[in-house]
Amino acid sequence: MSEAIVEIPQNPKPVKVGIVPCNGEEICAGSITRFACRKVLDELRKGQAVTLCLPLFIAGDKGERQFATRFPTITVDGCEKRCSAISTEKLSGKPAYSFVITDMIKDAGLELSESPRTFSESDKEAVDLVAAEIAKKVDEILGQEGDE
Amino acid sequence: MGKKILVLPCSGIGKAYGEIGRQATYELAEDLKPGQVDTLCLGRLMIRDPEALERMEDSFVITVDGCAKDCALKNVEATGKKVDKAVRTLEVFKDHRDLKPEGVLNLGEPGFKLAHYLAEKLSGEVDCRMKEE
Ligand code: SF4
Ligand code: SF4
């Protein structure tokens, strides 16, 4: 049994979106991906999104590796290495959408701190910005699914 | 100076134990063992990033996992590297059952205390590796 899966419904038509942030231990943007995804899961689109720990695609079982085929999945990466997007596609299924958050943050004129450990005010703003973008994408995907 | 020590937390996103392992790693690397300990994005191992693999090859590796899935341990092993010490966050919490993290990522004071106890345990592991060398 996985502690990481929030919930996997059994109905064949997906009604929830999967969100998989990168691990990102080394840089601030890697921590922002986590907090933004959690904000979507717990606040902005509660009940409409599920998550899975990224490294479970290697360590987990067959059910966990089917995550991206069971849910239209959004990957959220902290840098151009795109670890979540690449690993999700290779080990589970092609993501419905992939974010690399650096451009979005730069376009908003926000400067991230050096620390992946504690957030500055600007880092917190970046979390809100990224979370809002993910939430928009969740709506888009669920809307598309509903239209089918 | 000898080998560097790399501490790799799983950074699980479903329960607080993943974040506690991550925060313990930061406390260890920045406060308790500065200059001796470093970390690496676990995701880079998943994509077989050459520079990340090279850094790991030249280091002692300690993994920190938030549950019995042992993702950090298994992801390192999947690259062919042997882990020098595998720690589970739950090992530390048996003695501190009164401390309940407030949220999955927003740990609150009790969660950060747990991270601190884990960082101290990891610090002891670092000392052991240093003595072995
Ligand atoms: S995408 Fe970048 S920040 Fe995220 S895990 Fe990979 S290297 Fe780290
Ligand atoms: S060890 Fe557990 S908490 Fe950590 S990433 Fe894996 S499933 Fe998530």
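Residues numbered from 1 in each chain as written. Chains lettered and ligands numbered in written order. Predicted model: local features only at pLDDT ≥ 70, side-chain atom pairs only at ≥ 80, totals over all residues. Heavy atoms only, no water.

Caption draft 1: Main features of the sheet that holds strand 3 (residues 73–77) of chain A. Residues and elements named next belong to chain A. The sheet built from 4 strands is open, its strands ordered 2-1-3-4 with parallel pairing. Where the open sheet ends on each side, the last strands, each with one partner, are strand 2 (49–51) and strand 4 (97–100). On average, adjacent strands in this sheet sit at an angle of 25° to one another, irrespective of strand direction. As defined by bridge partners, strand 1 (residues 17–21) adjoins strand 2 across 3 bridges and the pair is classed as parallel. Looking at the pairing, Ile19 lines up with Thr51 of strand 2. Seen against the sheet, helix 1 (residues 28–44) touches strand 1, strand 2 and strand 3 and runs at an angle of roughly 160° to strand 1. Sitting on the sheet, helix 5 (residues 83–91) touches strand 1, strand 3 and strand 4, and the angle it makes with strand 3 is about 145°. (Pairing = 2+ DSSP bridges. Helix = DSSP H or I, 4+ residues; strand = E, 2+ residues; numbered from the N terminus. Axes fitted to C-alpha atoms, helices over the stretch in contact; angles between N-to-C directions. Contact = heavy atoms within 4.5 Å.)

Caption draft 2: Summary view of the side chain of Asp49(B). You can see Asp49(B) is positioned in the loop between helix 2 (42–46) and helix 3 (50–57). Exposure remark for Asp49(B): the relative accessible area of 8% places this residue in the buried category. If near-sequence neighbours (up to four positions away) are discounted, Asp49(B) is found in contact with Lys81(A) and Arg44(B). (Buried < 20%, exposed > 50% of the residue type's maximum accessible area, 1.4 Å probe, protein only.)

Caption draft 3: The arrangement of the site of ligand 2 in detail. Taken together, 12 residues are adjacent to ligand 2, and Cys53(A), Cys10(B), Asp65(B), Cys67(B) and Cys71(B) come closest. Chains contributing residues near ligand 2 are chains A and B. Among the residues forming the shell around ligand 2, the class breakdown is 7 nonpolar, 2 polar and 3 charged. (Near = heavy atom within 4 Å. Nonpolar A, V, L, I, M, F, W, Y, C, P; charged D, E, K, R; others polar.)

Caption draft 4: Quick look at the interface of chain A and chain B. In this complex, chain A contributes 33 residues to the contact, which on the side of chain B involves 35 residues. Carbon and sulfur atoms supply 58% of the area that chain A and chain B bury against each other, a total of about 3,100 Å² over both sides. Across the contact surface, chain A and chain B share 7 salt bridges. For Lys81(A), the salt bridge goes to Asp49(B), with nearest N and O atoms at 2.9 Å. Where chain A meets chain B, there are 19 residue pairs in polar contact (both at pLDDT 80 or more). (Buried area = accessible area lost by both parts, 1.4 Å probe. Salt bridge = Lys/Arg side-chain N within 4 Å of Asp/Glu carboxyl O. Polar contact = N/O pair within 3.5 Å; in protein donor to acceptor, adjacent residues only side chain to side chain.)

Caption draft 5: How the structure looks around the pattern of salt bridges. Taken as a whole and assessed by the stated rule, the structure comprises 22 salt bridges over all chains. Of the charged contacts, one joins Lys69(B) and Glu64(A) as a salt bridge, the two residues approaching to 3.0 Å between their closest N and O atoms. Note that Lys69(B) is positioned in the loop between strand 3 (59–65) and helix 4 (71–77) and Glu64(A) in helix 3 (residues 62–65), a pairing that runs across two chains. The partner of Asp38(B) in a salt bridge is Arg55(B), with the nearest N and O atoms 3.1 Å apart. Placement of Asp38(B) in strand 2 (residues 37–38) and of Arg55(B) in helix 3 is noted, with a sequence separation of 17 residues between them. Judged by relative accessible area, Asp38(B) falls into the partly exposed class, the value being 29%. One salt-bridge network, in which partners are shared between bridges, spans Glu26(A), Lys81(A), Asp38(B), Arg44(B), Asp49(B), Glu51(B) and Arg55(B).

Caption draft 6: Structural context of the site of ligand 1. All residues adjacent to ligand 1 are Cys22(A), Asn23(A), Gly24(A), Ile27(A), Asp77(A), Gly78(A), Cys79(A), Lys81(A), Arg82(A), Cys83(A), Cys41(B) and Arg44(B). Bordering ligand 1 are residues originating from chains A and B. When its residues are assigned to classes, the shell around ligand 1 shows 5 nonpolar, 3 polar and 4 charged.

Caption draft 7: Examining the environment of Glu54(B) more closely. Residues and elements named next belong to chain B. Relative to the helices and strands, Glu54 resides in helix 3. Its relative accessible area of 54% is what places Glu54 among the exposed residues. Counting along the chain gives 15 residues from Glu54 to Lys69, while the straight-line C-alpha distance between them is 25 Å.

Caption draft 8: Representation of the pairing of strand 3 of chain B. Residue and element names in this part refer to chain B. Burial analysis of strand 3 places 7 of its 7 residues in the buried class, the great majority of the element. Of the two faces of strand 3, the one holding Ser59, Val61, Thr63 and Asp65 and the one holding Phe60, Ile62 and Val64 are both buried throughout. Sheet analysis places strand 1 (residues 4–9) next to strand 3, joined by 6 bridges and oriented parallel. From the neighbouring strand, Lys4 faces strand 3, where its bridge partner is Ser59. Pairing between strand 3 and strand 4 (residues 85–88): 4 bridges, direction parallel. In the sheet register, Val64 faces strand 4, and the bridge partner there is Val87.

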